[in-house]
Amino acid sequence: SSSSGDEALRDKRARILSRGLPKQKPIEGVKQVVVVASGKGGVGKSTTAVNIALALAANDPTKEVGLLDADIYGPSIPKMMNLKGNPELTPKNLMRPLKNYGIACMSMGFLIEETAPVVWRGLMVMSAVEKLLRQVDWGQLDYLVIDMPPGTGDVQLSVSQNIPIAGAVIVSTPQDVALLDAHKGAEMFRKVHVPVLGLVQNMSVFRCPKCKHETHIFGADGVRDLANTLGLDILGDVPLHVNIRETCDSGQPVVISQPQSDAAKAYLKIAMEILRRLPVPPA
């Protein structure tokens, strides 16, 4: 009868709901995970993630830091970290990260040809993310920085719900269209109970190399206004500087290649602010 069918459907729904969210399982060997995210592409998220990872290591050389590129469609970490080749496999069939500048790195870019497009549907992307999370031998890491893809889709939800995350960093430029998406990104992390450590205002000001005049090309203090709206902190401002782009394009990020520059100092300050806000790691 229809009533018994309705009752069976209600029972099934109740069973599914009772399971709740997937149980979070830590990544073996990793003490704390920090995700770097943005609601919008093109705001310098990957550049920020790379330099934050290097800055975390520079602030405390005794700490081991890893960098995971979770952007399946547009992996950029291999180029920025000057890494090529395929990961070796351990006897347990786990991938060994490639390493440069003391940072252990894993990316979809190591598994496909550099110019090959990833033409996959959602399930294949999710399978790839699962492999990057669970089938990598990270050794022992104090911090794993995850460069998230832009947006608030399946990958972000899967990562947020499947592993414990110590905190999220939201990157945005000060322009209105970027801020709208950054707001969505911050709210997404709050909904899945991931603490947002704060915001990074990227490309905040351009200083003319000749006359030193400063221009706020993307607007002034938009990220600060968003931080006030959300009740969050600003972790730091990164200027719009050609050296930041050039050094990442050449595989020599500014924190490593120009440690005394204003840009490198900005990333080092952001890393210190992140460390101040992270919970005490497990022993």
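Residues numbered from 1 in each chain as written. Predicted model: local features only at pLDDT ≥ 70, side-chain atom pairs only at ≥ 80, totals over all residues. Heavy atoms only, no water.

A. Summary view of helix α2 (residues 45-59). With 15 residues, α2 ought to run about 21 Å at 1.5 Å a step, and its terminal C-alpha atoms sit 20 Å apart, in line with that. Here α2 lies mainly inside the structure; 13 of its 15 residues are buried. (Helix = DSSP H or I, 4+ residues; strand = E, 2+ residues; numbered from the N terminus. Expected span 1.5 Å × (residues − 1). Buried < 20%, exposed > 50% of the residue type's maximum accessible area, 1.4 Å probe, protein only.)

B. Quick peek at the nonpolar core. Judged by nonpolar contacts, the single largest core of 84 residues is most densely connected at Trp 138, Ile 146 and Phe 189. The dominant element in this core, judged by the number of residues it contributes, is α2, at eight residues. Beyond its immediate stretch of four places on either side in the chain, Ile 146 contacts Val 33, Val 34, Val 35, Val 36, Leu 68, Ala 70, Leu 133, Val 159 and Ile 163. (Core = buried A, V, L, I, M, F, W, Y, C linked by side-chain atoms within 4.5 Å. Contact = heavy atoms within 4.5 Å.)

C. Broad picture of the pattern of salt bridges. Taken as a whole and assessed by the stated rule, the structure comprises eight salt bridges. With a closest N to O distance of 3.9 Å, Glu 64 and Lys 99 form a salt bridge. Taken together, the positions of Glu 64 in the loop between α2 and β2 (65-69) and Lys 99 in strand β3 (residues 98-100) put the pair 35 residues apart, joining distant regions of the chain. Its salt-bridge partner being Glu 273, residue Arg 276 comes within 2.9 Å of it at the nearest N-O pair. Taken as a pair, Arg 276 and Glu 273 lie in helix α10 (residues 262-277) at a separation of three residues, close to a single helical turn. The structure contains a network of salt bridges with shared partners spanning Asp 233, Glu 273, Arg 276 and Arg 277. (Salt bridge = Lys/Arg side-chain N within 4 Å of Asp/Glu carboxyl O.)

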